[in-house]
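# A look at the structure
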Amino acid sequence: MNEEEIINHIEHSLRNYDLRDIKLISEQDTVIASFILCSCFIEHICTFRYGMKKTLNDKEFCAFVDEYLDAKYNSEKLRKDLRNKLVHNYSLGQTYVLVQRHPDLHLKPYNRNQQYLNLENFINDLENAFNKYIQELRSNKDNLRALALDAFNAVKIIGLNN
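Residue numbers restart at each chain and count upward from 1, following the sequence in its written direction. Residues qualify for local features only when their pLDDT is at least 70, as the model is predicted, and side-chain atom pairs are given and counted only at 80 or more; totals for whole chains, interfaces and linings, by contrast, use all residues. By convention in this description, side-chain values take in all heavy atoms of the structure and omit both hydrogens and water.

## Notes on the overall build of the protein chain
Put simply, DSSP marks the helices as runs of H or I at least four residues long and the strands as runs of E at least two long, and each gets a number from the N terminus on. Within the protein chain one finds six helices and two strands. For the protein chain, the α and β elements follow one another from N to C terminus as α-α-α-α-β-β-α-α. As a reference, a globule follows 2.2 Å times the number of residues to the power 0.38, and the radius of gyration itself is taken over C-alpha atoms. What you see for the protein chain is a C-alpha radius of gyration of 16 Å, in line with the 15 Å of a compact globule of 162 residues. Along the three orthogonal principal directions, the C-alpha set of the protein chain runs to about 50 × 30 × 30 Å. Scored against the burial criterion, the 162 residues of the protein chain give a buried share of 46%. Note on contacts: a residue pair is in contact if any heavy atoms of the two residues lie within 4.5 Å. Restricting to contacts in the protein chain with at least 6 residues of sequence separation, those with at least 24 account for 53%. In these tables, accessible area is a Shrake-Rupley quantity obtained with a 1.4 Å probe, and a residue counts as shielded only by the protein chains included in the view. Element-wise, carbon and sulfur atoms account for 49% of the exposed surface of the protein chain, whose accessible area totals about 8,600 Å². When charges are tallied, Lys and Arg are placed among the positive residues and Asp and Glu among the negative ones, while His and the ends of the chain are skipped. Charged side chains are reduced to one point each, which is NZ for Lys, CZ for Arg, CG for Asp and CD for Glu. Within the protein chain, one finds 21 positive and 23 negative side-chain charges whose respective centroids are separated by 4 Å. Summary of the burial criterion: residues with accessible area below 20% of their type's maximum are buried, those above 50% are exposed, and those between are partly exposed, where the area comes from a 1.4 Å probe applied to protein chains only.

Structural data, given as structure tokens:
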């Protein structure tokens, strides 16, 4: 595959497997599973956004949230609560109360320490962040193509034939 085909393949896979699965699963009563997939989606994008020169960690996750998601999200708390607690321990941290089908509550206070995180709003914000990244990748902002191509060569990506 040439560079353009690889970039197309990365976008296709992230959009039509990762994001599509999140949307399909979120239509059911699966709020926990959906948020787990959202966290995994962020990390998957980070693989291509920041390359695979070293193991990805909290720095890249937080950088992606800070750069691509609305400033209303606290990157460190998202990583701690969604990625670390939810994905790895099937528990929640001290910041978010996860809800579904309550857009009016999104990021509103639950109590003095916690706020609601509504699934549909979060998915929409993730899709917007992904679209922004893809636009920057295609325009090769900050040499993003080289990072994505290196990551692709290191980890590949799901496709129809694998």
